[in-house]
Amino acid sequence: MKVLVPVKRVIDYNVRVRVKSDHSDVDLANVKMAINPFCEIAVEAAVRLREDGKASEVVAVSVGPKVVQEQLRTALAMGADRAIWIETPETPETAGLGPLGIAQLLAALVREEQPGLVLLGKQSIDGDNNQTGQMLAGLLDYPQGTFVSGLELGDEEVEVVREIDGGLQTLALRLPAVVTTDLRLNTPRFIRAPDIMKARRKPIAHTAPEQLGVNPAPGPRTLAVHPPEPRAGGRRVESVGELVEHLRQAQVI
Amino acid sequence: MMRSLVIADLDKGQLAAATYHVIEAARQLGAPCDLLVVGEGCADAVTRACAIAGIERVLVADDPVYAASLAENLAPLVVAVSAGYSHLLAAAGSVGKDLMPRVAARLGVNQLSEVIGVESSSRFRRPIYAGNAIATVESDDPVKVLTVRQTAFAAVEPRGGDAERVELEQVIEAPSTRLLGEQRAESERPELTSARVVVSGGRGLGSREGFELVYQLADRLEAAVGASRAAVDAGFVANDLQVGQTGKVVAPELYIALGVSGAIQHLAGMKDSKVVVAINKDPDAPIFQVADYGLVADLFEAVPELIEQI
Ligand SMILES: Cc1cc2nc3c(=O)[nH]c(=O)nc-3n(C[C@H](O)[C@H](O)[C@H](O)COP(=O)(O)OP(=O)(O)OC[C@H]3O[C@@H](n4cnc5c(N)ncnc54)[C@H](O)[C@@H]3O)c2cc1C
Ligand SMILES: Cc1cc2nc3c(=O)[nH]c(=O)nc-3n(C[C@H](O)[C@H](O)[C@H](O)COP(=O)(O)OP(=O)(O)OC[C@H]3O[C@@H](n4cnc5c(N)ncnc54)[C@H](O)[C@@H]3O)c2cc1C
């Protein structure tokens, strides 16, 4: 069974972002970029399925400009067998694409590639939308297992453990299905130098929205980006007694 | 004509607190508002829903097929009743996040996540980059599909209304998805996202036994318990207590962080709290930058003392 893993290029999670002074966007000039942490977990899960003999092939896909090939190479170095680059003019942001447009492109690719399972991150750490997987499942009318921290792949069904508000929920989804990963599904492997060398020889196929026959829907327009209200924190207290006094004065205890 | 439909958030068949906050967001749109209650055994929730001031109609779908709140059958149900609505809203909890993108995709429109401000019927504010930036976004879609961050809106009055009750006849199955089980945390403590006081513990608690200290302080303050990702990953507590960018977002009157360093992903989930207290032995821990009252101390000494003094 083939597993398709959409991966997104995002700002590295350790970087503290700054809003541009004209409030048009955040400043992404010269910041470190990486594969979205949730997508990395999805790639790891897919590669383990192949290593366990439950999946036959892992295909990574990314939507974006040429630079997203870097993240596809990361996925290949982790063990994906091949990659597909869906080229859009610049970043999805500047191309005006939102999760719906991305999901429409992915849906067209799923129809071509016919994977048994599509594994996505539950959320990207830049847009924080948490939508793409659910939209993809909706467009394809596939069952969906979101926010999963456990995954058992069978021949006809996939069993998932979902992290939900009140605890955990276990579902069996008939294949083909869409699954989105939560943090506790696994710890992605460390990439070694030979893996990077090997990844260079793996193929990255190129396609584009027109080739997939999709005119993706424009996303909502971002009118402005502002920094959040600053917090006036930083005050120190010297003892538990002083702390209690302040809390009483503030009438919170 | 504008008209909003709020999908009620249920907790064990009861109307969850989040619902009242989402209705406030809908109220700010300035349009008439209906409520959809879907689940199993939700008679009590429906009675309460009908009593909420400002709700005109309560649509009811009470059937065992909806017990697990699966997007696979909730989405077609919402789509089926969506005609005539300009806005569909749900709380940004695990059900709303699972459901609303699927609804939007079926309707061929975008979805806006974690809305924290309503500027007009088509213009909203939402956090991006773990809350390090706030985007103002506008949607031209004929139907706006939103998830709402409950902590950003006040709760509406639970009483004073007299909504009409409308039973939905159609029952939609989810044949491709089977529920195998649920492990729900049973707790007498207040619910994390709506509690007045939250006590959170991090890796600094050291162990599951060490984490008992968090519970003791929480009991003393009648507080909810939260945790950092590190504390959840280490198995000190269950996943549903994680606060942060990828966990729950809280904004209580008082947030006490014990042995939490204050990574940006954690701050994303608590920095709108009114008063923040941090106890940490590392004077350079970033949590102190957002804390109104920071105490540099070993928590195993300071917390028992704190419990004694309050
Ligand atoms: C500053 C800024 C401005 C923006 N402006 C706009 C705007 O004007 N209009 C608008 O609609 N959106 C805008 N966005 C959102 C941006 O386009 C989103 O990144 C995109 O819509 C996808 O959403 P997400 O990454 O948050 O998806 P999520 O739903 O959070 O992502 C979940 C998963 O989907 C998959 N995925 C997501 N994107 C891709 C991809 N490109 N390739 C492969 N897989 C992917 C990954 O597996 C990922 O883990 C803006 C974002 C930022 C940060
Ligand atoms: C994609 C992604 C998403 C994430 N989402 C979240 C999220 O939603 N929520 C979240 O919390 N994290 C999240 N994280 C993880 C986050 O980056 C941090 O790793 C995590 O918050 C650290 O938890 P901590 O503060 O408990 O642990 P640490 O950073 O290890 O801090 C422990 C603290 O305890 C203090 N301490 C130790 N012993 C004592 C003592 N005896 N007395 C007093 N103080 C003591 C130490 O000085 C230290 O500051 C995410 C990370 C990624 C990559």
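Residues numbered from 1 in each chain as written. Chains lettered and ligands numbered in written order. Predicted model: local features only at pLDDT ≥ 70, side-chain atom pairs only at ≥ 80, totals over all residues. Heavy atoms only, no water.

Asker: So what about the domain arrangement of chain B? Which residues, and what values?
Answerer: Residue and element names in this part refer to chain B. When the domains of chain B are assigned, the result is domain 1 (4–167) and domain 2 (192–309). Here the C-alpha centre of domain 2 lies 30 Å away from the C-alpha centre of domain 1. Contacts between domain 1 and domain 2 engage 7 residues on the former and 9 residues on the latter. Carbon and sulfur atoms make up 51% of the surface buried where domain 1 meets domain 2, a total of about 710 Å² over both sides. The largest share of the area that domain 1 buries against domain 2 comes from Ala130, Arg149 and Thr151, three residues that together contribute 59% of it. Scanning the region where domain 1 abuts domain 2 turns up 0 salt bridges. (Domains from an automatic or database assignment. Contact = heavy atoms within 4.5 Å. Buried area = accessible area lost by both parts, 1.4 Å probe. Salt bridge = Lys/Arg side-chain N within 4 Å of Asp/Glu carboxyl O.)

Asker: Tell me about the sheet that holds strand 15 (residues 224–227) of chain B, and name the residues and values.
Answerer: Reading across from one edge, 13(A)-18(B)-17(B)-16(B)-14(B)-15(B) is the order of the 6 strands in this open sheet, with parallel pairing throughout. Sheet topology places strand 13 (236–237) of chain A together with strand 15 of chain B at the edges, where each strand pairs with a single neighbour. Here strand 17 (residues 275–280) of chain B pairs with strand 18 (residues 293–296) of chain B via 4 bridges, running parallel. Each residue of the ladder has a partner; that of B:Val277, found in strand 18 of chain B, is B:Tyr293. (Pairing = 2+ DSSP bridges. Helix = DSSP H or I, 4+ residues; strand = E, 2+ residues; numbered from the N terminus.)

Asker: Which residues make up the site of ligand 2, and what values do they have?
Answerer: Residues and elements named next belong to chain B. Around ligand 2, a shell composed of 30 residues is seen, among which Arg203, Ser228, Ser261, Gln265 and Asn280 lie nearest. Arg203 is positioned with one of its side-chain polar atoms (N or O) 2.6 Å from an oxygen atom of ligand 2. When ligand 2 is considered free in solution it has 990 Å² of accessible area, and contact with the protein chains removes 85% of it. Split into classes, the residues belonging to the shell around ligand 2 amount to 12 nonpolar, 13 polar and 5 charged. (Near = heavy atom within 4 Å. Polar contact = N/O pair within 3.5 Å; in protein donor to acceptor, adjacent residues only side chain to side chain. Areas by Shrake-Rupley, 256 points an atom, 1.4 Å probe, with all protein chains shown as cover. Nonpolar A, V, L, I, M, F, W, Y, C, P; charged D, E, K, R; others polar.)

Asker: Describe the nonpolar core, with residues and values.
Answerer: Considering soluble globular proteins, one finds that nonpolar side chains tend to be buried as a cluster. Ranked by internal contacts, the top residues of the largest apolar core, which has 51 residues, are A:Ile86, A:Leu136, B:Leu88 and B:Leu99. Sorting elements by how many residues they give to this core places helix 3 (residues 99–113) of chain A first, with 9 residues. Each residue touching A:Ile86, except ones within four places of it in the same chain, is listed here: A:Val61, A:Ser62, A:Val63, A:Gly64, A:Leu105, A:Leu109, A:Thr207, A:Ala208, A:Pro209 and A:Leu212. Listed in part, the 45 residues of the second largest apolar core include A:Val5, A:Val47, A:Ala83 and B:Ala174. (Core = buried A, V, L, I, M, F, W, Y, C linked by side-chain atoms within 4.5 Å. Buried < 20%, exposed > 50% of the residue type's maximum accessible area, 1.4 Å probe, protein only.)

Asker: Can you lay out the sheet that holds strand 12 (residues 164–167) of chain B for me, pointing to particular residues and giving the numbers?
Answerer: Think of a sheet as strands paired side by side through backbone hydrogen bonds, with each pair either parallel or antiparallel. All names here are of chain B. With respect to topology, 7 strands assemble into an open sheet ordered 7-11-6-1-4-5-12, the strand pairing being parallel. Edge positions in the sheet fall to strand 7 (111–115) and strand 12, since each of these pairs with one other strand and no more. Taking the axes of each pair of neighbouring strands and ignoring which way they run, one obtains an average angle of 25 degrees across the sheet. As judged from the 4 bridges shared by strand 1 (residues 4–7) and strand 6 (residues 87–91), these two strands associate in the parallel manner. Considered in strand 6, the bridge of Ser4 is made with His87. Relative to the sheet, helix 2 (residues 43–51) contacts strand 4 (33–39), strand 5 (55–62) and strand 12, its axis offset from that of strand 5 by approximately 170 degrees. (Axes fitted to C-alpha atoms, helices over the stretch in contact; angles between N-to-C directions.)

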